[in-house]
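Structural characterization, general
Spelled out, the chains give:
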Amino acid sequence: MAYEISQELEEKLKLIELETDFFSCKPEKPVRSRYLVWIVTVLMVAGIWSALKSENELLLIYFVAFAVVYFLGYQQEKRLFNLYSSACEILNYYKKADTPKI
C-alpha cells in the first residue's frame with residue numbers, strides 16, 4: 001500500500017530540506033571588525049565635537065544620526081549571527097542524534 005503525499009506537503013518538505021542544508025553550513029563571523037567599530041566611533045565623536053564647536057546644527061544632526069544608524073546596524077548584524085549560529089548548532093545536534101549508530 002503506497003502512501004500518497006499531497007503536493008502542498010511535498011513542497012513544504014522540500015523547503016524544510018533546503019533550509020536544513022542551508023543551516024548546516026558553518027556560519028561566518030560578521031565582516032566588521034572591532035577595530036573598524038572603534039575607528040568609526042572615534043571619528044563620530046570627533047565629528048560631533050567639531051560640529052558642537054562650530055555650532056553647525058545640521059552637521060551635528062548628521063553625525064549623531066550616522067552614529068546611531070551604524071551602531072544599530074552593527075548590533076543587528078551581531079544578533080543575526082548569534083541567531084544563525086544557534087540554529088546551526090541545534091540542527092547539527094539533531095542531525096547527529098538522528099543518524100543511526102553503527
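Structural data are supplied above this passage.
Figured I'd write up the structure that's included with this text.

Reading guide: rules and limits
Residues numbered from 1 in each chain as written. Predicted model: local features only at pLDDT ≥ 70, side-chain atom pairs only at ≥ 80, totals over all residues. Heavy atoms only, no water. Helix = DSSP H or I, 4+ residues; strand = E, 2+ residues; numbered from the N terminus. Buried < 20%, exposed > 50% of the residue type's maximum accessible area, 1.4 Å probe, protein only. Contact = heavy atoms within 4.5 Å. Phe/Tyr/Trp six-rings, centres within 6.5 Å; stacked < 30°, edge-to-face > 60°. Core = buried A, V, L, I, M, F, W, Y, C linked by side-chain atoms within 4.5 Å. Patch = residues over 30% accessible without salt bridge, like charges linked within 9 Å, V, L, I, M, F, W, Y side chains within 5 Å. Areas by Shrake-Rupley, 256 points an atom, 1.4 Å probe, with all protein chains shown as cover. Salt bridge = Lys/Arg side-chain N within 4 Å of Asp/Glu carboxyl O. Expected span 1.5 Å × (residues − 1). Arc of directions from axis to C-beta.

Observations concerning the overall build of the chain
Scanning the chain from N- to C-terminus turns up three helices and zero strands. Counting from the amino terminus, helix and strand elements in the chain follow one another as α-α-α. Expressed as a percentage of the 102 residues in the chain, the buried residues total 12%. The long-range share in the chain, meaning contacts at least 24 apart out of those at least 6 apart in sequence, stands at 74%.

Quick word on the packing of aromatic side chains
Applying the stated criterion to the full structure yields three aromatic pairs. Taken together, a centroid distance of 6.2 Å and an interplanar angle of 25° make the contact between Tyr62 and Phe66 stacked. Of this pair, Tyr62 and Phe66 both sit in helix 3 (residues 57-98), four residues apart, roughly one helical turn. Since its relative accessible area comes to 48%, Tyr62 is described here as partly exposed. Of the aromatic side chains, those joined through ring pairs into one cluster are Tyr62, Phe63, Phe66 and Tyr70.

Points about the nonpolar core
Core analysis: the biggest nonpolar cluster contains six residues, these being Val37, Val40, Met44, Phe63, Tyr70 and Tyr74. Of all the secondary-structure elements, those providing two or more residues to this core are helix 2 (34-54) and helix 3.

Focus: a nonpolar patch on the surface
A cluster of nonpolar side chains, Val64, Val68, Phe71 and Leu72, forms an exposed patch at the surface whose accessible area comes to about 360 Å². Along the chain, Val68 turns up in helix 3.

A word on helix 2
Along its 21 residues, helix 2 runs 30 Å from first to last C-alpha, staying within 8% of the 30 Å computed at 1.5 Å per residue. Burial in helix 2 covers these residues: Val37, Val40, Met44, Gly47 and Ala51. The arc that holds the buried residues of helix 2, viewed along the axis, is 90°, so those residues lie on one side. For helix 2, exposure combined with an orientation more than 90 degrees from the buried face picks out Arg34, Tyr35, Trp38, Val42, Val45, Trp49 and Lys53. Directly beyond the C-terminal end of helix 2, a positive phi value near 60° is found at Glu55.

So, to be careful, I would describe these as geometric facts and stop short of saying anything about function.
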